[in-house]
Amino acid sequence: MLDQGAPPHNGGPAASKSPGTGARLMRRKPVEHLVAEGGQGEGGSLRRSLGLWQLTMISIGATLGTGIFVVLGEAVPKAGPAVTLSFVIAGLTALFSALSYAELAGTIPVSGSSYSYAYATMGELIAWVCGWCLMLEYGVSVAAVAVGWGEYLNELLDGTIGVTIPAALSAPPGDGGIFNLPALIVVLLAMAFLMGGARESARANTVMVIVKIGALVLSCAIGVQGFRSGNYENFMPLGMAGVSAAGATLFFSYIGFDAASTAGEEARNAQRDLPRAILLSLAIITALYVLVAAVAVGAKPWQQFTDSEASLAQIMSDVTGQTFWGTLLAFCAVIAIASVVLTVLYGQTRILFAMSRDGLVPKVFGRVSPKTGTPRTNTLIVSLFCGVLAAAIPLGQLADATSIGTLFAFALVNVAVVVLRRSRPEMPRTFRVPLSPVLPAVGFAFCLWMMGSLSTVTWVVFGVWMAAGLVFYFLYGYRRSRLAAAPAPSEAK
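Here is a short report on the structure shown in this document. None of the values given here were measured: they were computed from a predicted structure.

## Focus on the packing of helix α10 (residues 181-195) against helix α17 (residues 376-392)
When two helices pack together, their arrangement is captured by the angle between the axes and the distance separating the axes.
Turning to step 1, where the next piece is worked out: Put simply, α10 and α17 touch, their axes get as near as 8 Å, and they point 165 degrees apart. Relative to α17, α10 is oriented roughly antiparallel. The crossing of α10 and α17 is right-handed. Residues Ala 183, Leu 184, Val 187, Leu 188, Met 191, Leu 194 and Met 195 of α10 touch α17, and the partners they reach there are Arg 376, Thr 379, Leu 380, Ser 383, Leu 384, Cys 386, Gly 387, Val 388, Ala 390 and Ala 391.
Turning to step 2, where the next piece is worked out: Its residues assigned to classes, the contact of α10 with α17 comprises 13 nonpolar, three polar and one charged.

So this is what it looks like as structure tokens:
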């Protein structure tokens, strides 16, 4: 059966007409074409070198640390002790979407993540919108986490050598600084690792993830000594609205599992390992998030939490009365948050790689170095952009912008899994979402609910971002799309 973008063939003049604008916007890229192109880039190919362990570590590396090390201090004042419930709600929202990601990652194991899934199921325009949201999700997330890294670096420097980086050079404009130099530095360090190759980056990330988990276990062991049950007496002081608002802010810390899906073209056995890595990593990080948040609130009254990004280090110092433990945690956090920057930056470059291969963004993002098997120019451009963004924008605005982009992309994935089930039921699937389409529908509804909990300012920023994306698409991607320019292929349905 012809693809939606193909003109009807009547043997007359209509057969020679080009597809209309509507048909071009709705044209889908066959799954077989997506998979066949896997790894292919301009001038070289990506290398398949990642197994289940490395993929799981990429997921954990991209996730574990952002919610706890960076925005716990922002979330607690919104929800009070019920911040633990906020983590659970955010985790459940992520779980429903993770199930859909797991099915699609095993069925369409490519680097484009939800962008590619949307291209195969809902057409080019929706795919572009999804890809544009992923740029917001990944690119801005790198910057948001890098901002928090600078706070922990200062905590470490103060505890070891008694000096700190001046506020003018360690905070962005609006937060008392001029230029956040540490944020730029950590992004450039991640860039250097990524340029060396996917396998080498995965090894470095694994070491950093182990340090990260050790730091969180240590914080629980210290924090539980100062645990006071009275801190939980007024469990939900700001009501369910506060819990929901905190959950929406914390949700951006659950984007790690879809970072694994961006490694589809560099996994040795993507169809088997991607679904496993996605679900395993989400289970681990949710358990750790809830545990650490519960101990932190038990050790410190929720009213005393501030918007400092170094909340856990301060708690450990307060509980023990010694600066050593806080300094040690700060050291672990410096390593841990660097792994988030590394893995999320990796995901951003691979999504742009897939979009470039389809002609929707410039070819420069699809060039692969024959020497390292990585898109080096892509990595350089994205890193410089994210580094400058991190140095110039306050954390709170970045975190909320990331949340709304993530939620929108996740909502589309929940739709895509149902569409592909109906349009291509015969396709082999290594994992299936149970109770489909019920659970994908629940995941979709959760995403919309949490999007509604975000501030009006965040929605305005999102609207401006989407409008800019559509302008770029119609000025560039629409004209240069390789799928729209090629004869419409036959697609089994």
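From this point on, the discussion continues.
## A few points about helix α3 (residues 52-63)
Turning to step 1, where the next piece is worked out: The terminal C-alpha atoms of α3 lie 17 Å apart, and with 12 residues this matches the ideal 16 Å at 1.5 Å per residue to within 8%.
Turning to step 2, where the next piece is worked out: With nine of 12 residues buried, α3 lies mostly within the body of the structure.
Turning to step 3, where the next piece is worked out: Of the positions making up α3, those classed as buried are Leu 55, Thr 56, Met 57, Ile 58, Ser 59, Ile 60, Gly 61, Ala 62 and Thr 63.

## Notes on the nonpolar core
Turning to step 1, where the next piece is worked out: The biggest cluster of nonpolar side chains holds 150 residues, and the ones touching the most others in it are Val 83, Phe 87 and Leu 312.
Turning to step 2, where the next piece is worked out: For this core, the leading source of residues is helix α8 (residues 124-160), giving 20 residues.

## Brief notes about the pattern of salt bridges
Turning to step 1, where the next piece is worked out: All chains considered together, the criterion is met by 10 salt bridges.
Turning to step 2, where the next piece is worked out: Of the charged contacts in the structure, one is a salt bridge between Glu 37 and Arg 357, with a shortest N-O distance of 3.7 Å. In this pair, Glu 37 is assigned in the loop between α2 (31-36) and β1 (40-41) and Arg 357 in helix α16 (residues 323-357), connecting sequence segments 320 residues apart.
Turning to step 3, where the next piece is worked out: Taking relative accessible area as the criterion, Glu 37 reaches 23% and is therefore assigned partly exposed.
Turning to step 4, where the next piece is worked out: We note a salt bridge from Glu 426 to Arg 424, for which the minimum N-O separation is 2.8 Å.
Turning to step 5, where the next piece is worked out: Because the salt bridges share partners, they merge into one network encompassing Lys 29, Glu 37, Glu 265, Arg 357 and Asp 358.

## Some thoughts on the side chain of Arg 27
Turning to step 1, where the next piece is worked out: Along the polypeptide, Arg 27 turns up in the loop between α1 (21-25) and α2.
Turning to step 2, where the next piece is worked out: Residue Arg 27 is classed as buried on the basis of its relative accessible area, which comes to 2%.
Turning to step 3, where the next piece is worked out: There is a polar contact of 3.2 Å between the side chain of Arg 27 and the backbone oxygen of Leu 483.

## Let's talk about a positive patch on the surface
Turning to step 1, where the next piece is worked out: A surface patch of positive charge is lined by Arg 47, Arg 199, Arg 203 and Arg 268.
Turning to step 2, where the next piece is worked out: Its location among the elements puts Arg 203 in helix α11 (residues 198-223).

## Remarks on the environment of Ile 222
Turning to step 1, where the next piece is worked out: In this structure, Ile 222 sits in helix α11.
Turning to step 2, where the next piece is worked out: The buried category is assigned to Ile 222, whose relative accessible area is 7%.
Turning to step 3, where the next piece is worked out: Placed 103 residues apart in sequence, Ile 222 and Trp 325 show a C-alpha to C-alpha distance of 8.3 Å.

How each quantity is defined
- Residues numbered from 1 in each chain as written.
- Predicted model: local features only at pLDDT ≥ 70, side-chain atom pairs only at ≥ 80, totals over all residues.
- Heavy atoms only, no water.
- Axes fitted to C-alpha atoms, helices over the stretch in contact; angles between N-to-C directions.
- Helix = DSSP H or I, 4+ residues; strand = E, 2+ residues; numbered from the N terminus.
- Parallel < 35°, antiparallel > 145°, perpendicular 65-115°, else oblique.
- Left-handed = near helix turned anticlockwise from the far one by under 90°.
- Contact = heavy atoms within 4.5 Å.
- Nonpolar A, V, L, I, M, F, W, Y, C, P; charged D, E, K, R; others polar.
- Expected span 1.5 Å × (residues − 1).
- Buried < 20%, exposed > 50% of the residue type's maximum accessible area, 1.4 Å probe, protein only.
- Core = buried A, V, L, I, M, F, W, Y, C linked by side-chain atoms within 4.5 Å.
- Salt bridge = Lys/Arg side-chain N within 4 Å of Asp/Glu carboxyl O.
- Polar contact = N/O pair within 3.5 Å; in protein donor to acceptor, adjacent residues only side chain to side chain.
- Patch = residues over 30% accessible without salt bridge, like charges linked within 9 Å, V, L, I, M, F, W, Y side chains within 5 Å.
- Areas by Shrake-Rupley, 256 points an atom, 1.4 Å probe, with all protein chains shown as cover.
- Lys, Arg positive; Asp, Glu negative; His and termini not counted.
- Charge placed at Lys NZ, Arg CZ, Asp CG, Glu CD.

Just distances and angles here, no functional claims.
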